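Coordinate analysis (summary)
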Amino acid sequence: MITLKNKASISKMEEAGRLLVEIFDNLASIVIPGVSTLEIDSWVAVELKKRELTSKTKGYVGYRHVSCISINDEVVHGVPAAHKIIKTGDLVKVDICASFKGYCADMARSLIVGHSDPALQKMIDVVQQALDKGIDKARAGNRLSDISAAIQQEIERHGFGVVRDFAGHGIGKSMHEEPEVLNFGDPGKGPILRAGMAFALEPMVTMGSYEVYITQDGWTVKTVDKSWAAHVEDTIVVTEGEPKILTRKISAG
Ligand code: MF3
Ligand code: CO
């Protein structure tokens, strides 16, 4: 069942989103050469606490961290570790899901550390544009897979691979709710979207093949061909008008 969120729930999710944006705004000063992903995770924990946000990943089926930090050919769910040290030129994906007064927002961004490689920047721009195209389809009356198809088209139009094994999701009191929101597929399928539905949309793209596997730590997802990957995620709410984006500074609608 896809739950519809009322005004009160949405306003708590909005606050969770607004506070997550604040944290992401300061991330570039922390994700610098020489820092470990475990140190970044500790910083995130402090920032969440300051804002009365509760991590939704810490304790989630045994996951022990408040962020997922994935470097280069790690796609998503990178487990923060003391031995994973950020270096110049790395492509770092940071993903944080937290709740405010019991309501969640889920957000991820891809950052290039130091000097920017144009090919990497292009991939980040494409995944960002694909997310925007998907969000634009999150309108009352559309079908769920209209979002999926829009995301896939934008990614493949630019020659990148769209990862199939992980997907976006409904979100609310829980980090993961129904439905699963695939990042590929034909339009016109699945449930009809209604005002009050909330989704975390999160396309993942690679420079090469879209095949991925889970590493020995049981979480970190890597590309099989070692190509680098980008990932962005926003939490949005379907309204009677423009989709409301909770994890950006200027929300449309
Ligand atoms: N925030 C992630 C998501 O987008 C959570 C992944 S589960 C974790 O769904 F436990 F690895 F954090
Ligand atoms: Co998510």
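Refer to the structure above for everything that follows.
Please read these numbers as outputs of a predicted model, since none were measured by experiment. (Residues numbered from 1 in each chain as written. Chains lettered and ligands numbered in written order. Predicted model: local features only at pLDDT ≥ 70, side-chain atom pairs only at ≥ 80, totals over all residues. Heavy atoms only, no water.)

1. Structural notes on the environment of Asp 136
Its place among the elements puts Asp 136 in helix α3 (residues 118-136). For Asp 136, a relative accessible area of 40% translates into the label partly exposed. A C-alpha to C-alpha distance of 7.9 Å links Asp 136 and Glu 242, two positions 106 residues apart in sequence. (Helix = DSSP H or I, 4+ residues; strand = E, 2+ residues; numbered from the N terminus. Buried < 20%, exposed > 50% of the residue type's maximum accessible area, 1.4 Å probe, protein only.)

2. Section: the site of ligand 1
In the vicinity of ligand 1, 14 residues are found, and the nearest of them are Asp 95, Asp 106, His 176, Glu 202 and Glu 233. Separating a nitrogen atom of ligand 1 from a side-chain N or O atom of Asp 106 is a distance of 3.0 Å. Within the contact set of ligand 1, an oxygen atom lies 2.7 Å away from a side-chain nitrogen or oxygen of His 176. The protein chains hide 98% of the 330 Å² of surface that ligand 1 would expose on its own. When grouped by side-chain class, the residues that make up the shell around ligand 1 number six nonpolar, four polar and four charged. (Near = heavy atom within 4 Å. Polar contact = N/O pair within 3.5 Å; in protein donor to acceptor, adjacent residues only side chain to side chain. Areas by Shrake-Rupley, 256 points an atom, 1.4 Å probe, with all protein chains shown as cover. Nonpolar A, V, L, I, M, F, W, Y, C, P; charged D, E, K, R; others polar.)

3. Some words on the sheet that holds strand β10 (residues 204-206)
The strand order β6-β10-β13 describes an open sheet built from three strands, whose pairing is antiparallel. In this open sheet, the two edge strands, each paired with only one partner strand, are β6 (161-162) and β13 (229-231). The sheet contact formed by β6 and β10 spans two bridges and is antiparallel. Bridge pairing in β10 links Val 162 to Val 205. (Pairing = 2+ DSSP bridges.)

4. Comments concerning the coordination of the cobalt ion (ligand 2)
Distances from the cobalt ion (ligand 2) to its protein donors, Asp 106 (OD), His 169 (NE2), Glu 202 (OE) and Glu 233 (OE), fall within 2.0 to 2.2 Å. Between the six donor atoms coordinating the cobalt ion (ligand 2), the angles at the centre fall across 49 to 174 degrees, so the site counts as irregular. The sequence pattern formed by the donor residues of the cobalt ion (ligand 2) is D-x62-H-x32-E-x30-E. Here the residue Glu 202 occupies a position in the loop between β9 (198-201) and β10, and Glu 233 occupies one in the loop between β13 and β14 (234-237), the gap between them amounting to 31 residues. (Donors = N, O, S within 2.8 Å, 3.2 Å for Na, K, Ca; no water. Tetrahedral: all angles 85-135°; square planar, octahedral: opposite > 155°, others 65-115°.)

5. A few points about the pattern of salt bridges
One pass over the full model with this rule turns up 19 salt bridges. Of the charged contacts, one joins Asp 25 and Lys 249 as a salt bridge, the two residues approaching to 2.6 Å between their closest N and O atoms. Of the two residues, Asp 25 is situated in helix α1 (residues 7-25) and Lys 249 in the segment after β15 (244-245); the sequence distance between them amounts to 224 residues. On the accessibility criterion, Asp 25 (45% relative accessible area) is partly exposed. Lys 249 sits in the exposed class, given a relative accessible area of 67%. Note that Arg 109 and Asp 234 form a salt bridge whose closest N and O atoms lie 2.9 Å from each other. Here Arg 109, found in strand β5 (residues 103-112), pairs with Asp 234, found in strand β14; they are 125 residues apart in sequence, far enough to count as distant. (Salt bridge = Lys/Arg side-chain N within 4 Å of Asp/Glu carboxyl O.)

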